[in-house]
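Observations on the three-dimensional arrangement
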Amino acid sequence: MKSSVLIKANQVLSLALLLSVLSIGCSKDAEEEVVDQVDSGVTAGTTAAIDSVFTTGTAEGSTEVGANADDLIENSAFSYTVAITFGTAVTITNPLTNGITITQSGSDVTITSTVKEVNYELSGTTTNGSVNIYSDNKFKITLNGVSISNADGPAINIQSSKRSFIVIADNTTNTLTDGATYATSTEDMKGTIFSEGQMIFSGNGSLIVKGNYKHGIVSDDYIRIRSGNIAITGAVTDGIHTNDAFIADGGTLKITATSDGIECEEGYIIINSGIFTINTGDDGIAASYDESDAAITPYVTINGGTINITSTAGEGIESKSVLTINKGKITTKTGDDGLNAGTAMYINGGDVYSYSTGNDGMDSNGTFTITGGRVIAVGAKSPEAGIDCDAHTLKITGGLVVGIGGATSGPSAIVSTVPSIVMGSGTSGQIIHIESADGAEALTFLIPTSYSTMLVSGSKFKQGTMYRIYTGGSVASGTDLGGLYMSGTYTKGTAGNSFTISSLLTQLGGTISRG
């Protein structure tokens, strides 16, 4: 955020001296240096320019974008339009009576089709109706200013395994609501918009969904969002739930859900672009399959977009296998881990900020690799960590990294290529500033919450160079990411200890966990 206000610090940062060599938490074969610090205690009134320059290593992990030409509506033709208008009575225009049968029971409309290239255009309002579709072929649904509430089932129930293109017509607002209980049926129905097949959303209009029974939008296959303004204002369980995959290429999604925001039950999640605001009781985004079927890989790959997740009890982004972040602006504020991966985590770029009040900021149950991006991980008090990968390898080859919490995993000096420093405690609201002996800024960070261990890493730190730590002071005209300043002018506070980096891991204090 941008601020023209000087940020004052009023408490002194305590850096605990560690006099014995500790083993590395993520990689026990790494070397580290425990440094005695020279105390100065003088107050400096000079300034330092802040920049966000850092190098990037070779990207690792997934580059999958989920491209599929069959998901592009422009590659399909829909020559026939069946118009259904809800009101006091339901008006139906069906030019294909030989191939499409439409029946009504009140405002419940059931369509059975054997015809190709059909567009079903829905408009008008019903407070107790639904649309049920049985089709042997792919089809298009145009939401053209329709409002459907159904007291005893889904608003739109697609009992077809074929691909459906859901187009939210430009300059329209559409509202879909299901019932809190569903009528007894042998059919599988799990949410306000339900499909047995793939659903591809596009258009630039608005769609508002309320899930009173279970999920908001659900597919037993996969869901792709290409565009549209979609708000799921509440769901008893998940906002969006799929079986095989969730892919986003754009759109603006606002999701409020009691359980997960977006869950893929037995497959993968790819986010290429889009704006996501997710408020949940459990996980924000989750590829949750954790059984032993080798044919299913529940990975999450983020290639772009803006993602803001708030969860009271769950994790921000969870992959039961590999989590890869290549780009994007990601913010998670959670009760559990901010980011969690089952086998490996890769961060190759983007701005990634994870703040957990009850667990690790970022947690991989396997290896953890950072090659680029601005990465800030805020964990809870000990034993929770800012960055944690148990007894596995933490590899840092680029980016600008800050992790704070009760502990940290230690970067491996064997595979890492940029220096890392582990330090002791800091106090909420305090600025910590590190600069080289020649005055080059290496870190300026406004501490969001008190911690006992800090990990900082990046190419701003150079081996063979002496650095001094300052606490307090202020920043003018600064821009920051989760407290990590990327620009502005720092007016120095109290000059503290100095240290020299002579290896890829320097420990001045704090706790390096061993898994």
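The rules behind each value
Residues numbered from 1 in each chain as written. Predicted model: local features only at pLDDT ≥ 70, side-chain atom pairs only at ≥ 80, totals over all residues. Heavy atoms only, no water. Helix = DSSP H or I, 4+ residues; strand = E, 2+ residues; numbered from the N terminus. Buried < 20%, exposed > 50% of the residue type's maximum accessible area, 1.4 Å probe, protein only. Contact = heavy atoms within 4.5 Å. 1 Å grid on protein atoms, 1.4 Å probe; cavity = no way out; pocket = protein on both sides within 12 Å on 5 of 7 lines; lining within 4 Å. Points joined across faces, edges and corners; volume = space filled by probe spheres on them. Nonpolar A, V, L, I, M, F, W, Y, C, P; charged D, E, K, R; others polar. Phe/Tyr/Trp six-rings, centres within 6.5 Å; stacked < 30°, edge-to-face > 60°. Polar contact = N/O pair within 3.5 Å; in protein donor to acceptor, adjacent residues only side chain to side chain. pLDDT = per-residue confidence, 0-100. Patch = residues over 30% accessible without salt bridge, like charges linked within 9 Å, V, L, I, M, F, W, Y side chains within 5 Å. Areas by Shrake-Rupley, 256 points an atom, 1.4 Å probe, with all protein chains shown as cover. Salt bridge = Lys/Arg side-chain N within 4 Å of Asp/Glu carboxyl O. Lys, Arg positive; Asp, Glu negative; His and termini not counted. Charge placed at Lys NZ, Arg CZ, Asp CG, Glu CD.

Regarding the overall build of the protein
For the protein, the count of helices and strands is zero helices and 47 strands. Overall, the C-alpha framework of the protein stretches about 90 × 50 × 40 Å when taken along its three principal axes. Relative to its full complement of 515 residues, the protein shows a buried share of 59%. Pairs at least 24 residues apart make up 59% of the contacts formed inside the protein by residues separated by at least 6 positions.

Observations concerning the layout of surface pockets
What the second largest pocket holds in volume is close to 190 Å³. Together, 14 residues line the second largest pocket, and Asn132, Asp152, Gly153, Ala183 and Met189 are the ones closest to its centre. At three residues, the largest contribution of residues to the lining of the second largest pocket is made by strand β9 (residues 129-135). Partitioning the lining of the second largest pocket into residue classes produces four nonpolar, seven polar and three charged.

Points about the packing of aromatic side chains
Evaluation of the coordinates by the stated rule reveals six aromatic pairs. Arranged with centres 5.9 Å apart and planes meeting at 75°, the rings of Tyr120 and Phe139 form a pair that is edge-to-face. Here Tyr120 is found in strand β8 (residues 118-126), whereas its partner Phe139 is found in strand β10 (residues 139-149), with 19 residues between them in sequence. Both residues of the pair, Tyr120 and Phe139, count as buried. Ring pairing ties together the aromatic residues Phe461, Tyr467 and Phe499, which thus form one cluster.

Concerning the environment of Glu117
Inspection of the secondary structure puts Glu117 in the loop between β7 (107-113) and β8. Each C-alpha atom of the pair Glu117 and Ala77 lies 5.9 Å from the other, and the pair is 40 residues apart in sequence. Apart from the residues within four sequence positions on either side, Glu117 is in contact with Ala77, Phe78, Ser79, Tyr80 and Lys138. Here the side chain of Glu117 touches Ser79 through a polar contact of 2.6 Å, side chain to side chain.

Focus on the side chain of Gln159
Take Gln159: it is sitting in the loop between β11 (156-158) and β12 (164-168). Of the polar contacts made by the side chain of Gln159, one reaches the side chain of Asn157; its length is 2.8 Å. The contact partners of Gln159, leaving out residues within four places of it in the chain, are Ile133, Tyr134, Glu187, Asp188, Met189, Phe194 and Glu196.

So, the confidence of the model for the protein
Looking at the protein, pLDDT values average 92 and 91% of them are 70 or higher. Scored below 50 in pLDDT, residues 1-44 makes 150 contacts in the model with residues more than four places away or belonging to other chains.

Observations regarding a negative patch on the surface
A cluster of acidic residues, Asp244, Glu265, Glu266, Asp290, Glu291 and Asp293, forms a negative patch on the protein surface. When you line up the elements, Asp290 lands in the loop between β24 (285-287) and β25 (300-302).

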